[in-house]
Amino acid sequence: MKILILLSILIILLPTVNAQTLDKFNLEEKEQFGYTISSIGDLNGDGVNDIAVGAPYDNQNGEPIGAIYILFLNSDGTVKSSQEISSTEGNFYGDIEPHDAFGRSISNIGDFDGDGVNDIAVGAYHDDDGGYNTGAVYILFLNSDGTVKSHQKISSTEGNFHEDIESGDCWGNAVTGMGDLNGDGVNDIAVGAHSNYSPDRPDTRIGAVHVLFLNSDGTVKSSQEISNSHGNLQTTIEEGDRFGISVSKIEDLNGDGVNDIAVGAMGDDDGGSTHGAVYILFLNSDGTVKSEQKISSTEGNFSGELDEGDLFGYGVNLIGDLNGDGVNDIVVGAYGDDDSKLYVPPSLGGEASSSKGAVYILFLNSDGTVKSEQKISEKYGDFNRQLNDILQQNDVFGFSVSKIEDLNGDGVNDIAVGAPYTDTNEELQDTGAIHILFLNSDGTVKSNNIFPKIQQQTDDFVLIMMMMILSASIGLIIYIKTRKK
């Protein structure tokens, strides 16, 4: 009887013990927090690496303008404190307009101004400088508390950038710090332009990447386009591929002394419609392509089973040498993945995919081919080991991915994964969330948690625990009655 009383008390206390609130962090509907993520190093000097997270549809005065959040982390992946940067917060005075989607992309660019604090590049791919949705990138010089010291905008009309950006290019949908590519002592960046749309242009969505060689004030010294017509790219990018939807520096993969990049092309049709692909581009110091290796359903020794609509390559990021073989590895998002059923387009009579999403850890060879891979999703990679982090339908887990270094000090780098269409609860749709995944060296998940905490997840967790306890109670009662007989 005493045992049953204790179990009953535990059931009553569970909702209180596991209650998860957003008292430290408030998001509104449709903000899509987690649209992009970037590691920014240890910004506040507490010994733990921090991250920047984009919410490009964050509302400011009732308008979807966009924002980024600097999250100061604890070593267990929880958030110690945060600083918003937007048109009204964080000492940022950029002239951001409604629908610019400020925060669409973010990248650590190192300590650009030599003040001991890392700085970031932020994309606003719907900025209208020079034309509708031409796009822009802001160089933000940061203070150690996450506020902005100063900034420099780069667009078709600002920052001394003279490439031919056209209406609808959505330049700035991806950005990555490149280190000092040309050896002039100033770090450089690469910017994606996936050619989304414009009412007065054909909807080709071929895409391109621009390597920007910067001055120390954040303006552009020179640039190099990589596309079907520029930069010595040998592969022909097809219409709808969206080459440049994601871009990440992958350090010097082939050992020639020049940093290389991985570029996503989520609309690639190798093996089936919109399976997606990633290109490993080995660069020259002038930003042109020395050679390339494609990774898709049919190339690059990738054996993952991609389905129609998986959109492999929407997100891509360096994760360092995870398996200790001396070659850097990458994480690739496939936010359209749905392990529960084969995706068949509704136009062909199928049901819409639930798009819970997935990411792939790709262990690379030095030539850019895949040595092996590990999928992380609702069904693979031990993601669901803990009940406090469960994917919802249409979360699009894998929409963004980022290395966060070795957060918990176990010698293995960890990652953050964005799910910007996560619902906080039934009333707050598409607020967004990020998942902190502590990895094993084989790419499986050791432990994980979600931020912000989701109320619906808490309810599910409590319900499961209550059911388990009630089942155990019933079993115990039956056992006791059986023993008395």
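Turning next to the environment of Glu-251. Mapped onto the secondary structure, Glu-251 falls in the loop between β15 (243-249) and β16 (261-265). Judged by relative accessible area, which is 29%, Glu-251 ranks as partly exposed. Distance from Glu-251 to Leu-318, taken between C-alpha atoms, is 8.2 Å for residues 67 residues apart in sequence. Other than its neighbours up to four places away in sequence, Glu-251 contacts Val-258, Asn-259, Asp-260, Leu-318 and Asn-328.

In the structure shown here, the tally under the stated rule is 18 aromatic pairs. Plain terms: the ring middles of Tyr-314 and Phe-399 are 4.4 Å apart, the flat faces sit at 45 degrees to each other, and that makes the pair tilted. With Tyr-314 in strand β19 (residues 312-320) and Phe-399 in the loop between β22 (370-376) and β23 (400-403), the pair connects residues that are 85 residues apart, well separated along the chain. Look at Tyr-314 and you get buried, because its relative accessible area is 8%. Using a relative accessible area of 4% as the deciding quantity, one classes Phe-399 as buried. Members of the aromatic cluster, each reached through a chain of ring pairs, are Tyr-35, Tyr-57, Tyr-314, Tyr-335, Phe-399 and Tyr-421. Against the face of Tyr-125 rests Arg-104, its NZ or CZ located 5.3 Å from the ring centre.

On to the side chain of Asp-423, then. On the secondary structure map, Asp-423 appears in the loop between β24 (415-419) and β25 (433-439). Judged by relative accessible area, which is 15%, Asp-423 ranks as buried. Within the structure, Asp-423 has its side chain in polar contact with the backbone nitrogen of Asp-430 (distance 2.8 Å).

Turning our attention to the layout of surface pockets. Of the volumes computed, that of the largest pocket is approximately 640 Å³. Along its surface, the largest pocket is lined by 42 residues, and Ser-38, Ser-107, Thr-176, Ser-248 and Asn-317 are the ones closest to its centre. The set of elements that each furnish at least two residues to the lining of the largest pocket consists of β1 (36-41), β7 (102-110), β11 (171-179), β15, β19 and β23. The residue inventory of the lining of the largest pocket, partitioned by class, reads 15 nonpolar, 21 polar and 6 charged.

With that settled, consider the pattern of salt bridges. Counted by the stated rule, this structure contains 15 salt bridges. Residue Asp-127 pairs with Lys-153 through a salt bridge whose shortest N-O separation is 2.9 Å. Here Asp-127, found in the loop between β8 (119-124) and β9 (136-142), pairs with Lys-153, found in strand β10 (residues 148-154); they are 26 residues apart in sequence, far enough to count as distant. Judged on exposure class, the residue Asp-127 and its partner Lys-153 are both buried. In this structure, the salt-bridge partner of Lys-294 is Asp-268, at a minimum N-O distance of 2.7 Å. Taken together, the residues span a long stretch of sequence, with Lys-294 in strand β18 (residues 289-295) and Asp-268 in the loop between β16 and β17 (277-283) at a distance of 26 residues.

Summarising the model, the protein shows a mean pLDDT of 87, and 82% of its residues fall at 70 or more. For the stretch residues 3-24, pLDDT sits under 50, and the model shows 25 contacts to residues farther than four places along the chain or on other chains. Across residues 456-464, confidence stays below pLDDT 50; counting only partners more than four residues off in sequence or on other chains, it has 15 contacts.

Turning to the side chain of Asn-413, a few remarks are in order. Topologically, Asn-413 is positioned in the loop between β23 and β24. Owing to a relative accessible area of 19%, Asn-413 belongs among the buried residues under this scheme. Here the side chain of Asn-413 touches Ile-319 through a polar contact of 3.0 Å, landing on its backbone oxygen. A distance of 3.2 Å separates the side chain of Asn-413 from the backbone nitrogen of Asp-406, its partner in a polar contact. The residues touching Asn-413, leaving out its near neighbours within four places in the chain, are Ile-319, Gly-320, Leu-322, Lys-403, Glu-405, Asp-406 and Leu-439.

Sheet topology note: the β9/β10 ladder contains 6 bridges and is antiparallel. Paired with Phe-141 across the bridge in β10 is Ser-150. In textbook terms, the turn of a hairpin is the stretch between consecutive antiparallel strands, and for β9 and β10 this stretch comprises 5 residues, one of which, Gly-146, has a positive phi near 90 degrees.

Below, the discussion takes up unusual backbone geometry. Along the chain, Phe-451 connects to Pro-452 via a cis peptide bond; the corresponding omega equals -10 degrees. By the element assignment, Pro-452 lies in the loop between β26 (445-451) and α2 (455-484). Here Glu-251, not a glycine, exhibits a phi torsion of approximately 65 degrees, which is positive.

You can see Leu-306 is positioned in the loop between β18 and β19. Judged by relative accessible area, Leu-306 falls into the buried class, the value being 7%. Distance from Leu-306 to Gly-276, taken between C-alpha atoms, is 8.3 Å for residues 30 residues apart in sequence. Residues contacting Leu-306, with those up to four places away along its chain left out, are His-275, Gly-276, Ser-297, Phe-312 and Tyr-360.

Attention now moves to the environment of Leu-27. Assignment of secondary structure puts Leu-27 in the loop between α1 (2-17) and β1. Classification of Leu-27 as buried rests on a relative accessible area of 7%. Residues Leu-27 and Asp-58, spaced 31 residues apart in sequence, show a C-alpha to C-alpha distance of 8.3 Å. Here Leu-27 is in contact with Phe-33, Tyr-69, Leu-428, Thr-431, Gly-432 and Pro-452, once residues within four sequence places are set aside.

Rules used throughout
- Residues numbered from 1 in each chain as written.
- Predicted model: local features only at pLDDT ≥ 70, side-chain atom pairs only at ≥ 80, totals over all residues.
- Heavy atoms only, no water.
- Helix = DSSP H or I, 4+ residues; strand = E, 2+ residues; numbered from the N terminus.
- Buried < 20%, exposed > 50% of the residue type's maximum accessible area, 1.4 Å probe, protein only.
- Contact = heavy atoms within 4.5 Å.
- Phe/Tyr/Trp six-rings, centres within 6.5 Å; stacked < 30°, edge-to-face > 60°.
- Lys NZ or Arg CZ within 6 Å of the ring centre and 35° of its normal.
- Polar contact = N/O pair within 3.5 Å; in protein donor to acceptor, adjacent residues only side chain to side chain.
- 1 Å grid on protein atoms, 1.4 Å probe; cavity = no way out; pocket = protein on both sides within 12 Å on 5 of 7 lines; lining within 4 Å.
- Points joined across faces, edges and corners; volume = space filled by probe spheres on them.
- Nonpolar A, V, L, I, M, F, W, Y, C, P; charged D, E, K, R; others polar.
- Salt bridge = Lys/Arg side-chain N within 4 Å of Asp/Glu carboxyl O.
- pLDDT = per-residue confidence, 0-100.
- Pairing = 2+ DSSP bridges.

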